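What follows is each chain in one-letter form.
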Amino acid sequence: MPRRHNELQKRETKGQNTIERTVTCRYTYTREEMSTTALRLPYPSKTKGFQLLTHHQPSQHYKYTIPSSPVTWSIPKASCYIFIPLPQMAFPLHYHLPALFSLLVFVSGVMADAEFTLSKASYYPNSDTKGTENGACEYGTFGATLNNGDVSASASLYRNGVGCGACYQVRCTDPYYCSPEGVTIVITDSGSSDGTDFILSQHAFTGMGQSADAGAALLTLGYVGIEYRRVSCSYPNKNIVFKITESSHFPYYIEFEIWYQQGSQDIIAVQLCETVTLKCQLLSRTHGAVWATVSPPTGPLYIRMLFSSGAPRVGDQKWLAPTNTIPQNWTAGAIYDSGVQMQLH
């Protein structure tokens with residue numbers, strides 16, 4: 001068994017706008033052990049998963065420094081472990097079960113981290129308590145106070161309005177300032193700045209800090225390195241509602257937004273249906289989160305929504321029909337409760 005020194009060394013280089021961090025795991029082998037032992041490290045790629053590395057197979061992601069004792073590998077996370085080929089185990093397998101169990105736990109943790117995407121985030125001004133009312137999703141004052149003001153603009157995740165209302169966990173990557181949980185934000189606008197994927201409200205930006213002082217320090221940086229992933233939106237005790245916009249004109253033109261959509265799926269299609277004849281009309285997404293049609297059906301109406309996870313598999317798309325209807329004499333500016341909500345799993 002190789003002798004494991006397990007020394008973790010950190011080195012920081014602070015520039016004007018960036019902080020580079022290198023974590024080094026050191027293990028010491030004899031020359032005989034080096035000929036039969038491999039070092040397995042997490043490869044930072046969703047598609048490649050883990051890559052088996054030995055002292056004969058250096059990678060651009062890991063620095064091979066000395067071809068004899070000790071061997072040093074530089075990796076982006078403070079974690080690594082030794083892989084011993086099973087035929088070389090000197091004891092029965094049950095002696096190694098605790099170590100194998102620990103290995104499975106480690107692999108699970110690394111795969112969870114792999115769900116995150118690295119990027120950068122900045123913030124827009126005058127948003128210390130709420131977001132903007134002028135976002136491209138057209139949420140207005142609702143968008144400014146949605147999720148307690150933890151909202152964001154994003155050019156890449158806006159997706160021509162499909163991304164409106166989607167939730168993401170965003171956490172900055174400097175452990176000195178940043179909390180491990182980060183903040184959950186809702187997309188309400190489209191925009192980018194200096195290659196960032198998120199332009200957060202100030203309220204959300206400071207929310208990534210470990211404390212109020214740490215959050216204030218983040219603001220002075222202007223933009224920070226982050227990692228993010230899609231998560232489920234949660235609105236306890238709220239149903240999906242339909243807001244008829246002020247641009248609607250009964251009975252010739254109807255335009256509405258969909259609020260409080262739970263879960264992590266996208267609404268990719270909407271139908272407006274008559275409750276008597278069950279005849280449905282497919283609507284168009286005009287802009288942002290707004291759906292509209294001219295010459296809408298008459299009588300009491302209901303709105304069907306097609307939810308999709310984005311994965312091309314059977315069962316990944318599902319129609320949801322409300323239990324409540326929109327009255328026959330609907331009015332511009334009114335809000336109607338659908339009576340239904342997506343269930344969180």
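Structure first, text after, so check above.
Residues numbered from 1 in each chain as written. Predicted model: local features only at pLDDT ≥ 70, side-chain atom pairs only at ≥ 80, totals over all residues. Heavy atoms only, no water.

Below, the discussion takes up the environment of Val 170. Within the secondary structure layout, Val 170 lies in strand β9 (residues 167–172). Given a relative accessible area of 0%, Val 170 falls into the buried group. For the pair Val 170 and Glu 181, spaced 11 residues apart in sequence, the C-alpha separation works out to 8.1 Å. When neighbours within four sequence positions are excluded, Val 170 is seen to be in contact with Gly 182, Val 183, Ile 185, Phe 198, Met 208, Ile 226, Glu 227 and Tyr 228. (Helix = DSSP H or I, 4+ residues; strand = E, 2+ residues; numbered from the N terminus. Buried < 20%, exposed > 50% of the residue type's maximum accessible area, 1.4 Å probe, protein only. Contact = heavy atoms within 4.5 Å.)

Tallied over the entire structure, the rule returns 11 aromatic pairs. With centroids separated by 4.9 Å and ring planes inclined at 50 degrees, the aromatic side chains of Tyr 123 and Phe 205 adopt a geometry described as tilted. Taken together, the positions of Tyr 123 in strand β7 (residues 117–124) and Phe 205 in helix α5 (residues 202–207) put the pair 82 residues apart, joining distant regions of the chain. Judged by relative accessible area, Tyr 123 falls into the partly exposed class, the value being 26%. Judged by its relative accessible area of 0%, Phe 205 is buried. Aromatic side chains Phe 242 and Phe 256 sit 6.0 Å apart centroid to centroid with 75 degrees between the ring planes, which places their arrangement in the edge-to-face category. Taken together, the residues span a long stretch of sequence, with Phe 242 in strand β13 (residues 241–244) and Phe 256 in strand β14 (residues 253–259) at a distance of 14 residues. By relative accessible area, Phe 242 is classed as buried at 2%. Counting every residue linked through ring pairs, the aromatic cluster contains Tyr 139, Phe 142, Tyr 235, Trp 259 and Tyr 260. Directly above the aromatic system of Tyr 260 lies the positively charged group of Lys 238, at a separation of 4.8 Å from the ring centroid. Its end group placed over the ring of Trp 319, Arg 304 keeps NZ or CZ at 4.3 Å from the ring centre. (Phe/Tyr/Trp six-rings, centres within 6.5 Å; stacked < 30°, edge-to-face > 60°. Lys NZ or Arg CZ within 6 Å of the ring centre and 35° of its normal.)

So, on to the pairing of strand β17 (residues 284–287). Within a regular strand, the side chains alternate between the two sheet faces. Pairing geometry for β17 and strand β18 (residues 290–294), over three bridges, is antiparallel. Across the sheet, residue His 287 finds its bridge partner in β18, namely Val 290. Counting the residues between successive antiparallel strands, the hairpin from β17 to β18 contains two residues, one of them, Gly 288, with a positive phi of roughly 55 degrees. (Pairing = 2+ DSSP bridges.)

Taken by themselves, the reported measurements are silent on function.
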